[in-house]
Amino acid sequence: MEIDTDKMILFFLILSSIFVLLIGLVLVIVLMTSVPYPDLGRCKSEEYFLDPNDKKKKKFASLLSTPEVQLSVIVPSYNEEKRLPIMMDECLGYLESRKASTPEFSYEVIVVDDGSTDKTTEVALEYSVQYGTDKVRVLTFEKNRGKGGAVRLGMFSSRGEHLLFADADGASTFSDYSKLEEKLLSICQSNKVELIFGRF
């Protein structure tokens, strides 16, 4: 029995064409249903922070905007009304001391209330009253998103050239920030890395 070569070539060409069309169709479906950036699921109210001094809501900045301060500290908080003041006192004490010794240093602290059922937002707003919303802002979620969601949306709402997150439980000592900053700057100046993760 002799195999017709022309028919065999035609069969494989048709089969290959069908395979390529199916792959192309799958790619088109994937591209059309994909979201290029993560869906932050941000509620309209979460685009604003309250200025407790004038009782007005003001729009948060965007991570994509030109940095306005040197350091943004993101503090994810869930039911932290008792522990938050201890951490904030130490954090702001360090940052204010740093500002006094280095006048060009600028910072902001964004407390992200991750849908707390206690008075976390009210406690954080007391710091906005004391230090002003240029230095302390409160992002209050309508629902709990978890620590990762709080850190991420806090970062996206920041104005800093450098971004740092610190837990509300005070696990990190802010006096160690200068050591971290010094090491980061030396690494970045050597062009060895662009992103560093770690706990100080």
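Residues numbered from 1 in each chain as written. Predicted model: local features only at pLDDT ≥ 70, side-chain atom pairs only at ≥ 80, totals over all residues. Heavy atoms only, no water.

Student: Looking at this structure, I do not really get the overall build of the protein chain. What am I missing?
Tutor: Across its full length, the protein chain carries 5 helices and 6 strands. In sequence order, the secondary structure elements of the protein chain are arranged as α-β-β-β-α-β-α-β-α-β-α. In terms of overall size, the protein chain is more extended than a compact globule, its C-alpha atoms giving a radius of gyration of 25 Å where 200 residues would be expected to give roughly 16 Å. Principal-axis analysis of the C-alpha atoms gives the protein chain an extent of 95 × 40 × 30 Å. Every one of the 200 residues in the protein chain was classed for burial, and the buried ones make up 34%. Split by element, the accessible area of the protein chain, about 12,800 Å² in all, is 60% carbon and sulfur. Where the 24 positive side-chain charges of the protein chain centre and where its 30 negative ones centre are 3 Å apart. (Helix = DSSP H or I, 4+ residues; strand = E, 2+ residues; numbered from the N terminus. Rg over C-alpha atoms; globule rule 2.2 N^0.38 Å. Buried < 20%, exposed > 50% of the residue type's maximum accessible area, 1.4 Å probe, protein only. Areas by Shrake-Rupley, 256 points an atom, 1.4 Å probe, with all protein chains shown as cover. Lys, Arg positive; Asp, Glu negative; His and termini not counted. Charge placed at Lys NZ, Arg CZ, Asp CG, Glu CD.)

Student: Teacher, can you tell me more about the pairing of strand β5 (residues 136-140) here?
Tutor: Residues in a regular strand project their side chains so that they alternate between the two faces of the sheet. Burial analysis of β5 places 4 of its 5 residues in the buried class, the great majority of the element. As defined by bridge partners, strand β4 (residues 107-113) adjoins β5 across 5 bridges and the pair is classed as parallel. What sits directly across from V112, in β5, is L139. Each parallel crossover has a hand, and for β4 linked through helix α3 (residues 120-131) to β5 it is right-handed. (Pairing = 2+ DSSP bridges. Right-handed = clockwise from strand over helix to strand, strands pointing away.)

Student: Is there a simple way to think about the nonpolar core in this case?
Tutor: The nonpolar side chains of soluble globular proteins are, as a tendency, buried together. Grouped together as the largest cluster of nonpolar side chains are 25 residues, with contacts concentrated most on V73, M88, L95 and V109. Listed by contribution, the elements that provide at least two residues to this core are β3 (69-77), α2 (84-101), β4, α3 and β5. Apart from residues no more than four positions distant in its own chain, V109 is found in contact with V73, V75, M88, C91, L92, L95, K135, V136 and R137. Counting 11 residues, the second largest nonpolar core, distinct from the first, contains F49, I74, L139 and L153. (Core = buried A, V, L, I, M, F, W, Y, C linked by side-chain atoms within 4.5 Å. Contact = heavy atoms within 4.5 Å.)

Student: I would appreciate a short explanation of helix α4 (residues 146-156) in the present structure.
Tutor: In an α-helix, one full turn covers 3.6 residues, which means residues spaced three or four apart are oriented alike. Those residues of α4 not exposed but buried are G149, A150, V151, L153, G154 and M155. The inward-facing, buried residues of α4 contact β3, β4, β5 and β6 (160-165).

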